[in-house]
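Analysis of the macromolecular model
Residues per chain are reported as follows:
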Amino acid sequence: DWRSPRSIHIELTLRQIAVMLRSGLTLLAAIETVIEQPPSRVVRRVYEEVRRSLENGASLTEALAEHKCFPVGVISMIGLGEESGNLDTVMERSADAMESKRQNITATITALFYPTFTFLFAIGICVYMVLAVIPPMKRALEALGRPMPAMTQSLLDVADFFAKWGVLMGSITVILVVVFFVLMLWPPGRLAMDKMFLRLPLIGTILRTGSTALFARSMGTLLGSGIALVEGLRILGTIHGNRYFSAVVDSSRRRILEGGSLAESLSRPHAY
């Protein structure tokens, strides 16, 4: 099966394993229980492979690292839990971290939905007016010999413009879309585009707020699990979706290694 388990299902299984470990079950017995009662068939397949790796002598961290459905931060936390003997507590905190990230992403998408829907709805109304409403009105007014209102004439001018240059503008739009996706696949271009997204009016504010909240929650979870500040910054720099934000976090980590503080390193300007 090529599908990847849903994040919420991974959260659930991590919590289940944590509860079973706290109840005195062995790790293999807890994973066996998850395999017998999985939230989905994809989850069963993943944990069957995890069980085989454990039976072959791998650590839990190594077994989980073979599957992309387990985030880097979660794997690092679980590795620390294995070393310290607090695997049950760390696995529950890992589930909390995944839940916080999922809720943050959902809140960001919800916040972006309204302005996006409003923008597309406004464009749809304009297209409908130009194509379906204005032409009959134009013929009726011309038959009566009456001049058209200024706003109606403006819409007609727009319709005439698109009728004349529509093919060219459509071609330019397609080219721009292709260029956009090419830039998103090119690392320096992705960095520049992600930086631009964070500076857009309204949308940039929502993205910056969501990224900051995700950073604060994830860092709090990592520090609470015993992971050092520098290591926590390294982990967060690898898992964040926005490349510019990740670059800022990585730059802050380097400045802390040079002797700076977290607040100072985050507040200083970053040139990329």
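Details of the structure are given in the entry above.
Below you will find a few notes about this structure. In this text the structure is predicted, and so the values were computed from the model without any measurement.

1. With respect to the pattern of salt bridges
Evaluated as defined, the whole model comprises eleven salt bridges. For E11, the salt bridge identified is with R102, shortest N-O distance 2.8 Å. Of this pair, E11 sits in helix α1 (residues 7-22) while R102 sits in helix α6 (residues 87-144), and the two are 91 residues apart along the sequence. Overall, the relative accessible area of 4% leaves E11 in the buried class.

2. Re the packing of α1 against helix α2 (residues 27-36)
Running from N to C, α1 and α2 cross one another at 140°; their axes reach a closest spacing of 9 Å. By the angle class used here, α1 and α2 are oblique. Along this stretch, α1 crosses α2, giving a crossing that reads as right-handed. Counted together, T13, Q16, I17, M20 and L21 of α1 and L27, A30, I31, T33 and V34 of α2 form the full contact between these two elements. Residue composition of the contact of α1 with α2, by class: seven nonpolar, three polar and no charged.

3. Some thoughts on the packing of α6 against helix α9 (residues 203-224)
Two quantities define a packed helix pair, namely the angle between the helix axes and the distance between the axes. In the contact formed by α6 and α9, the axes pass within 10 Å of each other and the chain directions differ by 175°. With respect to α9, the axis of α6 lies roughly antiparallel. Contacts from R93, A97, S100, K101, N104, T108, A111 and L112 in α6 reach I203, I206, L207, G210, A213, L214, R217, T221 and G224 in α9. Classifying every residue of the contact of α6 with α9 by side-chain character gives eight nonpolar, six polar and three charged.

4. Here we look at the packing of aromatic side chains
The geometry of two aromatic rings is summed up by the distance between their centres and the angle between their planes. The tally for this structure, following the rule as stated, stands at six aromatic pairs. Pairing Y47 with F70 gives two aromatic rings, centres 6.0 Å apart and planes at 85°, and the pair type is edge-to-face. With Y47 in helix α3 (residues 41-55) and F70 in the loop between α4 (60-65) and α5 (72-84), this residue pair connects regions lying 23 residues apart in the sequence. By relative accessible area, which is 2% here, Y47 ends up buried.

5. Some thoughts on the environment of A140
Mapping A140 onto the fold places it in helix α6. In this structure A140 comes out as partly exposed when scored by relative accessible area, which is 41%. Each C-alpha atom of the pair A140 and R199 lies 47 Å from the other, and the pair is 59 residues apart in sequence.

6. Focus: the environment of S94
Along the polypeptide, S94 turns up in helix α6. When its relative accessible area of 0% is taken as the criterion, S94 is described as buried. Measuring from C-alpha to C-alpha, the distance between S94 and V34 comes to 17 Å, with 60 residues separating the pair along the chain. Once residues lying within four places of it in the same chain are set aside, the contact partners of S94 are L14, V74, M77 and I78.

7. A short note on the nonpolar core
A general feature of soluble globular proteins is that nonpolar side chains tend to end up buried together. Counting 28 residues, the largest nonpolar core has L14, I17, I31, Y47, L60, F70 and M91 as its most contacted members. Sorting the residues of this core by element identifies α1, α2, α3, α4, α5 and α6 as the ones contributing at least two each. A per-element tally of this core places α1 first, with six residues. When neighbours within four sequence positions are excluded, Y47 is seen to be in contact with T13, L14, I17, I31, V34, I35 and F70. In this structure, F215, I227, I235 and V249 belong to the second largest nonpolar core, which totals twelve residues.

Analysis parameters
Residues numbered from 1 in each chain as written. Predicted model: local features only at pLDDT ≥ 70, side-chain atom pairs only at ≥ 80, totals over all residues. Heavy atoms only, no water. Salt bridge = Lys/Arg side-chain N within 4 Å of Asp/Glu carboxyl O. Helix = DSSP H or I, 4+ residues; strand = E, 2+ residues; numbered from the N terminus. Buried < 20%, exposed > 50% of the residue type's maximum accessible area, 1.4 Å probe, protein only. Axes fitted to C-alpha atoms, helices over the stretch in contact; angles between N-to-C directions. Parallel < 35°, antiparallel > 145°, perpendicular 65-115°, else oblique. Left-handed = near helix turned anticlockwise from the far one by under 90°. Contact = heavy atoms within 4.5 Å. Nonpolar A, V, L, I, M, F, W, Y, C, P; charged D, E, K, R; others polar. Phe/Tyr/Trp six-rings, centres within 6.5 Å; stacked < 30°, edge-to-face > 60°. Core = buried A, V, L, I, M, F, W, Y, C linked by side-chain atoms within 4.5 Å.

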